[in-house]
Each structure stands twice: as C-alpha cells, then as structure tokens.
Amino acid sequence: MPTSDRPAASLTAPELNKRIIPIVFFTFICYLTIGIPLAILPGFTHTTLNSCA
C-alpha cells in the first residue's frame, strides 16, 4: 500500500528509490546466500571429500 494518497506514477525519484532499494537489497542477499555456497562447494568436495565428480 502506498505511503501517500498519490498514485505511484506521480512519486518523485527519492520516494521511488525508497520503495525500490529494500527490494533490490533483499534480492541481492538472497542471491548471495545461494551463490556463495555454490562457488565454494565444488572445491570443498574435491579437497576434503577426495571426490572428483
């Protein structure tokens, strides 16, 4: 629900940024949470578990 009574099309740039930045930040954290283990897991599997799959 908008924070003001104006339609979304008439929001100023700073107001629009205040609504978009939390969504972008949350999405970035989600991708980072998934991406870091995907980058580390193959090396961990190869060195620690001695598996070359």
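Above this text is the structure in question.
Scoring rules and cut-offs
- Residues numbered from 1 in each chain as written.
- Predicted model: local features only at pLDDT ≥ 70, side-chain atom pairs only at ≥ 80, totals over all residues.
- Heavy atoms only, no water.
- Patch = residues over 30% accessible without salt bridge, like charges linked within 9 Å, V, L, I, M, F, W, Y side chains within 5 Å.
- Areas by Shrake-Rupley, 256 points an atom, 1.4 Å probe, with all protein chains shown as cover.
- Salt bridge = Lys/Arg side-chain N within 4 Å of Asp/Glu carboxyl O.
- Helix = DSSP H or I, 4+ residues; strand = E, 2+ residues; numbered from the N terminus.
- Buried < 20%, exposed > 50% of the residue type's maximum accessible area, 1.4 Å probe, protein only.
- Expected span 1.5 Å × (residues − 1).
- Bend = angle between axes of the 7 residues up to and from the residue.

## Considerations on a nonpolar patch on the surface
A cluster of nonpolar side chains, contributed by F25, F28, I29, L32, I36, I40, L41, F44 and L49, occupies part of the molecular surface with about 890 Å² of accessible area. Take I36: it is sitting in helix α1 (residues 13-48). We classify I36 as partly exposed; its relative accessible area is 44%.

## Quick look at α1
When the terminal C-alpha atoms of α1 are compared, their 50 Å separation across 36 residues agrees well with the 52 Å that a helix rising 1.5 Å per residue should span. At I40, α1 shows its largest kink, close to 30 degrees, and the proline P42 lies no more than four residues downstream. Downstream of α1 by one or two residues, N50 has phi in the positive range, about 50 degrees.

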